[in-house]
Amino acid sequence: MRKIRVLVACGAGIATSTVVTQKVEELLKENGIKADVDQIKISQAAGKQDGADMLISTTVLPQEYDIPAIKAMSFLTGIGTEETEKEIIDTAKQIS
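Keep in mind the model is a prediction, meaning the values are calculated, not measured. (Residues numbered from 1 in each chain as written. Predicted model: local features only at pLDDT ≥ 70, side-chain atom pairs only at ≥ 80, totals over all residues. Heavy atoms only, no water.)

A.B. asks: I tried to follow the packing of helix H1 (residues 15-30) against helix H4 (residues 81-95) on my own but got confused; where do I start?
C.D. replies: Geometrically, a packed helix pair is captured by the angle between its two axes and the distance between the axes. At a minimum axis separation of 11 Å, H1 and H4 run at an interaxial angle of 55 degrees. It follows that H1 is oblique to H4 by the angle criterion. Helix-helix and strand crossings are classified by hand; for H1 and H4 the assignment is right-handed. Taking contact as the criterion, the partners of Val24, Leu27 and Leu28 in H1 are, on H4, Glu85, Ile88, Ile89 and Ala92. Of the residues in the contact of H1 with H4, the class split is 6 nonpolar, no polar and 1 charged. (Axes fitted to C-alpha atoms, helices over the stretch in contact; angles between N-to-C directions. Helix = DSSP H or I, 4+ residues; strand = E, 2+ residues; numbered from the N terminus. Parallel < 35°, antiparallel > 145°, perpendicular 65-115°, else oblique. Left-handed = near helix turned anticlockwise from the far one by under 90°. Contact = heavy atoms within 4.5 Å. Nonpolar A, V, L, I, M, F, W, Y, C, P; charged D, E, K, R; others polar.)

A.B. asks: Whenever I open this one, the pattern of salt bridges confuses me. Can you help?
C.D. replies: Opposite charge on two side chains allows them to pair when their charged atoms are near. Counted by the stated rule, this structure contains 4 salt bridges. Where Arg2 meets Asp53, a salt bridge forms, and the shortest distance between an N and an O atom there is 2.9 Å. Residue Arg2 is found in the segment before strand E1 (4-10), and its partner Asp53 is found in the loop between helix H2 (45-48) and strand E3 (54-57); the two are separated by 51 residues along the sequence. Look at Arg2 and you get partly exposed, because its relative accessible area is 40%. Owing to a relative accessible area of 17%, Asp53 belongs among the buried residues under this scheme. (Salt bridge = Lys/Arg side-chain N within 4 Å of Asp/Glu carboxyl O. Buried < 20%, exposed > 50% of the residue type's maximum accessible area, 1.4 Å probe, protein only.)

A.B. asks: Please explain the side chain of Thr58 as it appears in this structure.
C.D. replies: In this fold, Thr58 is placed in the loop between E3 and strand E4 (69-71). Within the structure, Thr58 has its side chain in polar contact with the side chain of Thr16 (distance 3.0 Å). Once residues lying within four places of it in the same chain are set aside, the contact partners of Thr58 are Ala9, Cys10, Thr16, Val20, Ala72, Met73 and Leu76. (Polar contact = N/O pair within 3.5 Å; in protein donor to acceptor, adjacent residues only side chain to side chain.)

A.B. asks: Could you clarify how one ought to interpret H1 in this entry?
C.D. replies: Owing to its 3.6 residues per turn, the α-helix aligns residues three or four sequence positions apart on the same side. An ideal rise of 1.5 Å per residue puts 22 Å on 16 residues; H1 measures up with 23 Å between its terminal C-alpha atoms. All of the buried residues in H1 are Ser17, Val20, Thr21, Val24, Leu27 and Leu28. Each buried residue of H1 lies within a common arc of 135 degrees when the element is viewed along its axis, so the set occupies one face. Set apart from the buried face of H1 by more than 90 degrees, the exposed residues are Ala15, Lys29 and Glu30. Tucked inside the fold, the buried residues of H1 contact E1, strand E2 (35-41), E3, helix H3 (74-77) and H4. Gly32 sits one or two residues past H1 and shows a positive phi near 70 degrees. (Expected span 1.5 Å × (residues − 1). Arc of directions from axis to C-beta.)

A.B. asks: Any chance you could explain H4 here in plain terms?
C.D. replies: Compared with an ideal rise of 1.5 Å per residue, which puts 15 residues at 21 Å, H4 spans 21 Å between its outermost C-alpha atoms and is within 8% of the ideal. Every buried residue of H4 is accounted for by Thr84, Ile88, Ile89, Thr91, Ala92 and Ile95. Axial view of H4: buried residues confined to an arc of 165 degrees, hence all on one face. Facing away from the buried side of H4, by more than 90 degrees, are the exposed residues Glu82, Glu83, Lys86 and Gln94. In this structure, the buried residues of H4 make contact with E1, H1, E3, E4 and H3.

Encoded structure:
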């Protein structure tokens, strides 16, 4: 498995993406997936997608991307977390 690059985005790139970045790093590590996880603002996603494998967002996606984009509001609400985790793991395994 190769190391993948994951972008975690929220509106401002500060508060919610910090929480989700930590959860995503732990989730990938627990599942044996090597990854670099970068925290960004959603407005930066289009410009950074070329060097990334997956986008995970806690905000509305303003456009479509060339990489898999996963909505992860469940990490903040606590509702549907298992489904989101499964989607992230499945996507990461397909990429790597």
